[in-house]
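Topology and contacts: notes
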Amino acid sequence: MALLEQIASDETGRRRYDVKSPVSLESIGQFEAASDAEVRAAVDRARKAQREWATKSFDERAVILWRLVDQIVERQDEIVDLVIKETGKTLNEAIAMEVMAPCMQISHYAKRAKKYLATQHKRAAGIMRFSKKVTLHYQPLGVVALITPWNGPVALAANPLAQATMAGNAVVHKPSEVTPFSAVLLQEMAEAAGFPTDLYQVIQGDGQTGAALIEAGVDKVSFTGSVATGRKVGEACGRNLIPVTLELGGKDAMIVCQDADLDRAADGAVRGSFFNTGHYCCGTERVYVPESIYEPFVAKVVAQVETLKQAEKGASDVGAVFWDKQMDIIEEHMSDAKKKGARVLVGGERDRSLSGYFFPPTVVVDVDHSMDLMSRETFGPIVAIQKVRDEEEAIELANDSDYGLSGNVWTKDLAKGAKIGERMVTGSVSVNDISVTYGIPEAPFGGVKESGVGQVNGELGIRGYCHLHPVIIDTTKRAQGGYPYTEESAAGLRKIIKTVFGNKILRRLFV
Ligand code: NAD
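This section reports on the structure supplied with the text. Computed from a predicted model, the values in this text were never measured in an experiment.

Here we look at the sheet that holds strand S8 (residues 200-202)
Here we have 6 strands laid out as an open sheet, ordered S8-S7-S6-S9-S10-S18, and mixed in their pairing. This sheet does not close on itself; its edge strands, each paired only once, are S8 and strand S18 (452-453). Pairing of strand S6 (residues 143-147) with strand S7 (residues 170-174), which is carried by 5 bridges, proceeds in the parallel orientation. Along S7, the bridge assignment pairs Ala145 with Val172.

Laid out in structure tokens, this is it:
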């Protein structure tokens, strides 16, 4: 059964969808995709709202963002219920990811945007130092198109929303068609917090609607989603000459060193692979373990996974697969791996005793890179463990991937962990932890290779919602002159070049 079903499309091309919960398979609501004209109208309204918003001080903007935090705290039960209905994630994960993380993210920028975006005054260097003062202003870009996926419907919207609006922009948000309703709730909370009308608008729709938004005259696109869509979004932004950040998929590797604390590493493999039902862009998808510690490590992982609970109601450790398309990918990857010789130690097949979309926490060994399970993004609750000769082979295999989002290394020798981390061709890396980069604004987040373009979060990320506008002031109080050009003035220039740049000491002093 399809969890997202197109139920009608009128002559104007307006598409209507019914959304079902992956847990109960019951309808949780319907929405209509906005038409191209409605998308353009939303962007026009956002532009008007942005002009007024840009005149507000950081303190004035922050007051409203702090109130949004209040709203999230007050309405957390509503958020959690809705997100669980939409995604089937566990209660603990819904609280941690969709309530706590947004509170942390919004608070961070409400408190620090003023510092991150403070006007900078600089003295020009070199010869210019005698005549020019430089002031750098962080100007908002205008209207930001926010296009988000289904795996963190509140968190992955609230974070860019806070950064874009604190920087003085308006936001038009196209949430995933699989999780459309939590964005409506976020918009309601923003309005209740005092966001000016039209500053944050949610337009519902599918991929076509997202594509229309990029063509609707926006000034920046903040995109989070799959590599395939990211490529299309990047192309459209290139054609429209608008800046874009692409936060895309991953295939994160975990390297367990011979000296690792095996209990801790096994726990890390389980958490890293199962967090958010494995629907975590920085989830651990490949585990490399040297043969000397392979057997005890696998035994510890298996023992822990066998204790995990999966249930439609009540306490559960691993939630539902968020929608049928993802279940198809997980099942295809598992079947391909089994055909090529992988051995399943726990789980391995969709649990049909539960009525919803549940894939049990799974442990697979004897895997290799010929399998989709080890080369394409699976995004499911699977610990896939490959035995390697030693740490060198683990590093080589970790880097043998089209993706490069994040990764993790486990060792008692922290200096060695950092060194191995530096050799991993990824956007970031953790030592003795699952990937936590997205939750630490001081660490810029973003992928290399197919995992993305650009970095987000923190000082660097919020500055990405601005144009750094230099104002250069001449302090000399006299005309520059220079005309008419003569042979003497050309000779004078040559003399300066020879005197300053032909002299090894002077050229260092003057630049
Ligand atoms: P997706 O690419 O299918 O969809 C993402 C969004 O793009 C949706 O809102 C969708 O409607 C929209 N869209 C689809 N086609 C479009 C087009 N042509 N133009 C504009 N918008 C379009 O991704 P998904 O399946 O919703 O999300 C899962 C993916 O997101 C995984 O690959 C995951 O790794 C990735 N992800 C990455 C990060 C990160 O920070 N790197 C975070 C979360 C998820």
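Some thoughts on the nonpolar core
Judged by nonpolar contacts, the single largest core of 110 residues is most densely connected at Leu68, Phe195, Leu213, Val221 and Leu373. Considering every element that reaches this core, the biggest residue donor is helix H4 (residues 91-116), with 8 residues. In this structure Leu373 touches Lys251, Glu285, His333, Met334, Ala337, Val364, Val367, Thr378, Ile382 and Ala384, once residues within four positions along its chain are discounted. One finds Ile293, Val301, Val363 and Val365 within the second-largest nonpolar core, a separate group that totals 25 residues.

Description of the pairing of strand S14 (residues 362-365)
Alternating residues of S14 divide into Thr362 and Val364 and Val363 and Val365, and every residue in both groups is buried. The pairing of strand S13 (residues 343-346) with S14 spans 3 bridges and is classified as antiparallel. The residue bridging Val344 from the neighbouring strand is Val364, located in S14. For S14 and strand S15 (residues 382-388), the ladder comprises 3 bridges, and the chain directions are parallel. By the bridge assignment for S15, Val364 is matched with Ala384.

Looking at the pattern of salt bridges
Under the criterion given, the structure shown has 31 salt bridges. In this structure, Lys251 engages Glu285 in a salt bridge whose closest nitrogen and oxygen atoms are separated by 2.7 Å. You can see Lys251 sitting in the loop between strand S10 (244-247) and strand S11 (252-256) and its partner Glu285 sitting in strand S12 (residues 284-290), a full 34 residues away along the chain. Pair check on accessibility: Lys251 and Glu285 agree, each one buried. One salt bridge in this structure joins Arg343 and Asp366, with 2.9 Å as the shortest N-O distance. Of this pair, Arg343 sits in strand S13 while Asp366 sits in the loop between S14 and helix H12 (372-375), placing them 23 residues apart in sequence. Among the residues examined, Asp366 registers a relative accessible area of 37% and is labelled partly exposed.

What counts, and where the lines are drawn
Residues numbered from 1 in each chain as written. Predicted model: local features only at pLDDT ≥ 70, side-chain atom pairs only at ≥ 80, totals over all residues. Heavy atoms only, no water. Pairing = 2+ DSSP bridges. Helix = DSSP H or I, 4+ residues; strand = E, 2+ residues; numbered from the N terminus. Core = buried A, V, L, I, M, F, W, Y, C linked by side-chain atoms within 4.5 Å. Buried < 20%, exposed > 50% of the residue type's maximum accessible area, 1.4 Å probe, protein only. Contact = heavy atoms within 4.5 Å. Salt bridge = Lys/Arg side-chain N within 4 Å of Asp/Glu carboxyl O.

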